[in-house]
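# Overview (structure and organization)
One-letter residues, chain by chain:
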Amino acid sequence: MALQDTDLFVVERDDTNYKLTYETLKTDIGAITPEPGEATIAQPSVLTPPDGAGIGGEVTYTPETSAITGVTNTVGYDLFSTTLYTGDGVSPRNLVTGIDNTVKSLVWIKNRQAADNNVLFDSLRNNGINFLYSNTSGSETVGPTSYMLGFNSDGVTLGDGGATNTAAGQDYVAWNFKADPGFFDIVTYEGTNATQEIPHQLSSTPGLIITKNMDAGDPWTVYHKDTGANQWLYLNESNAASQGTGAWNNTNPTSTHFTLGDSGINNRDSNTHVAYLFADTPGLIKCGGFTGTGTQTVEVGFAPGWVLYKYVDGEQDWIVFDNSRGTNSLRPNLDAAESDSPNWQFTSNGFTGSFSAGEYIYVAIAEDASSVPDTQLTLTDSKTYNNADG
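Overview of the structure. These numbers were taken from a predicted model, which means no experiment stands behind them. (Residues numbered from 1 in each chain as written. Predicted model: local features only at pLDDT ≥ 70, side-chain atom pairs only at ≥ 80, totals over all residues. Heavy atoms only, no water.)

## A word on the overall build of the protein
- Within the protein, the secondary structure is distributed over two helices and 31 strands.
- Considering the protein as a whole, with its 390 residues, one finds that 53% of them fall into the buried category.
- Of the contacts formed within the protein by residues at least 6 apart in sequence, a portion of 64% connects residues at least 24 apart.
- Of the accessible surface of the protein, which amounts to about 15900 Å², a share of 44% is contributed by carbon and sulfur atoms. (Helix = DSSP H or I, 4+ residues; strand = E, 2+ residues; numbered from the N terminus. Buried < 20%, exposed > 50% of the residue type's maximum accessible area, 1.4 Å probe, protein only. Contact = heavy atoms within 4.5 Å. Areas by Shrake-Rupley, 256 points an atom, 1.4 Å probe, with all protein chains shown as cover.)

Here you go:
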């Protein structure tokens with residue numbers, strides 16, 4: 001095997017060690033130790049291609065420091081944040097959320113103290129200026145408006161509208177989601193009233209999909225992996241799950257696309273729709289279900305910072321909790337102010353609460369949700385090493 005100019009090795013790191021993996025073979029070939037201005041291989045290593053890799057024989061590589069011409073570190077970045085603030089009626093107002101919203105992202109704002117709508121903005125719709133209300137079936141409002149003036153690299157710029165920044169000094173919450181493989185994605189699509197596949201860039205199978213017709217008063221349609229593709233819920237309503245093939249064509253989503261049925265609720269002909277897709281990635285985001293038995297603990301595998309859940313078997317509101325507002329809850333299907341739920345709290349591995357008998361679905365996001373940092377080495381080395389296949 002010959003290493004060509006700029007052959008790329010990918011490095012994963014923990015607190016002290018680096019694991020070097022040749023991108024083509026995807027096989028561990030040893031450890032490296034980073035030094036200021038250079039990188040050295042800690043020990044010679046032997047690379048044996050895995051079965052079925054299509055490359056025969058054993059490849060032995062004894063690297064030299066001089067062969068490594070560059071080390072590129074990619075710093076992890078936050079994928080989600082909860083920001084609490086008090087309205088001041090000042091426009092423009094820069095609200096720092098800690099999320100880079102110059103690429104695909106969603107911002108969801110709610111007045112905590114008054115009966116204002118849940119307002120959703122995303123970067124695909126006029127740089128966040130257009131908005132939708134999750135608690136109504138109304139079509140998109142096209143900006144500019146006084147609610148949102150735009151997205152930026154560390155948050156958003158608010159106007160002085162009552163739903164986002166009233167002069168009355170009321171308290172608000174802003175939830176900010178950044179699109180990233182294995183976490184969250186946003187797509188828009190044209191409805192056809194016929195079965196169609198919609199591509200996405202989640203790079204994993206969605207656990208939760210929320211769609212909305214931006215051009216008409218159709219409901220917010222929700223897919224969840226635990227209710228399956230022959231059922232759907234409405235985010236703007238408290239109803240139990242509906243059944244049929246109209247919404248999702250009884251076809252579960254894949255890592256590349258999701259399928260729509262022929263219903264107008266999420267696939268109305270010639271109308272533009274938006275879809276928010278949430279992954280199901282261990283340690284980062286969990287889409288799951290549980291059976292309510294009263295006061296109980298739901299384990300999600302990490303300490304959550306945000307949870308959205310819904311009772312599936314009957315009429316109950318959607319509920320949102322986050323770890324910045326104590327035990328207070330908000331309801332995406334209502335414009336109501338937040339309320340105290342003393343039996344509800346986060347744990348180090350999930351959440352506890354009091355639940356009715358029956359089935360629930362949820363999505364939980366880790367309190368430290370962020371991308372995974374990595375390091376890439378660029379090697380320049382034209383020497384030829386042993387390859388049994390020649």
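Having seen the model, we can carry on.
## With respect to the sheet that holds strand β14 (residues 155-158)
- Read from one edge of the open sheet, three strands run β9-β14-β13, paired in antiparallel fashion. In the strand order of this sheet, the two ends are held by β9 (93-96) and β13 (148-152), each with one partner. Neighbour-to-neighbour, the strand axes of the sheet open up by a mean angle of 20°, direction not taken into account.
- Note that β13 and β14 share four bridges and pair antiparallel. Pairing of G150 across the sheet is with T157, part of β14. (Pairing = 2+ DSSP bridges. Axes fitted to C-alpha atoms, helices over the stretch in contact; angles between N-to-C directions.)

## Describing the environment of K286
- Topologically, K286 is positioned in strand β24 (residues 285-299).
- With relative accessibility at 27%, the residue K286 sits in the partly exposed group.
- In the structure, K286 is positioned 15 residues away from G301 in sequence and 8.1 Å away in space, judged by C-alpha atoms.
- Among all residues touching K286, those that are not within four sequence positions of it are D280, V300, F302, Y362, V363 and A364.

## Details of the sheet that holds strand β8 (residues 80-86)
- Overall, antiparallel pairing links the five strands, which are arranged β8-β15-β10-β11-β12 in an open sheet. The open sheet has two free edges, formed respectively by β8 and β12 (132-133), since each of these has just one partner strand.

## Quick look at the nonpolar core
- Counting residues in hydrophobic clusters, the biggest one holds 54 residues, and the most contacted among them are F177, F258, F278 and W306.
- Top contributing element to this core by residue count: strand β23 (residues 272-278), with five residues.
- Discounting residues that sit within four places of it in the chain, F278 has contacts with F177, F183, F184, L202, P206, G207, L208, I210, I285, C287 and V363. (Core = buried A, V, L, I, M, F, W, Y, C linked by side-chain atoms within 4.5 Å.)

## Thoughts on the environment of P219
- Here P219 is to be found in the loop between β18 (208-213) and β19 (221-224).
- Linking P219 and S134, residues 85 residues apart in sequence, is a C-alpha distance of 9.1 Å.
- Beyond its immediate chain neighbours, meaning those up to four positions away, P219 contacts S137, T211, K212, Y234, N236 and I265.

## Some remarks on the pattern of salt bridges
- Evaluated as defined, the whole model comprises eleven salt bridges.
- With a shortest N-O distance of 3.0 Å, R112 and E338 are connected by a salt bridge. Here R112, found in the loop between β10 (105-111) and β11 (119-122), pairs with E338, found in the loop between β27 (328-329) and β28 (339-340); they are 226 residues apart in sequence, far enough to count as distant. The exposure classification of R112 matches that of E338, with both residues buried.
- With a shortest N-O distance of 2.8 Å, R125 and E140 are connected by a salt bridge. Here R125, found in the loop between β11 and β12, pairs with E140, found in the loop between β12 and β13; they are 15 residues apart in sequence, far enough to count as distant. Across the pair, exposure class does not vary: R125 and E140 are buried alike.
- Taken together, the salt bridges that share partners define one network made up of R112, D322, R325 and E338. (Salt bridge = Lys/Arg side-chain N within 4 Å of Asp/Glu carboxyl O.)

## Here's the deal with the side chain of K310
- Summarising the element assignment, K310 is placed in strand β25 (residues 304-311).
- Comment: no salt bridge for buried K310; closest opposite-charge side chain is D317, at 7.4 Å.
- Within the local environment of K310, its side chain forms a polar contact with the backbone oxygen of S238, the two atoms lying 3.1 Å apart.
- A polar side-chain atom of K310 sits 2.8 Å from the main-chain carbonyl oxygen of Q316.
- Excluding residues that lie within four positions of it along the chain, K310 makes contacts with L233, E237, S238, N239, Q316, D317, W318, E359, Y360 and I361. (Lys, Arg positive; Asp, Glu negative; His and termini not counted. Polar contact = N/O pair within 3.5 Å; in protein donor to acceptor, adjacent residues only side chain to side chain.)

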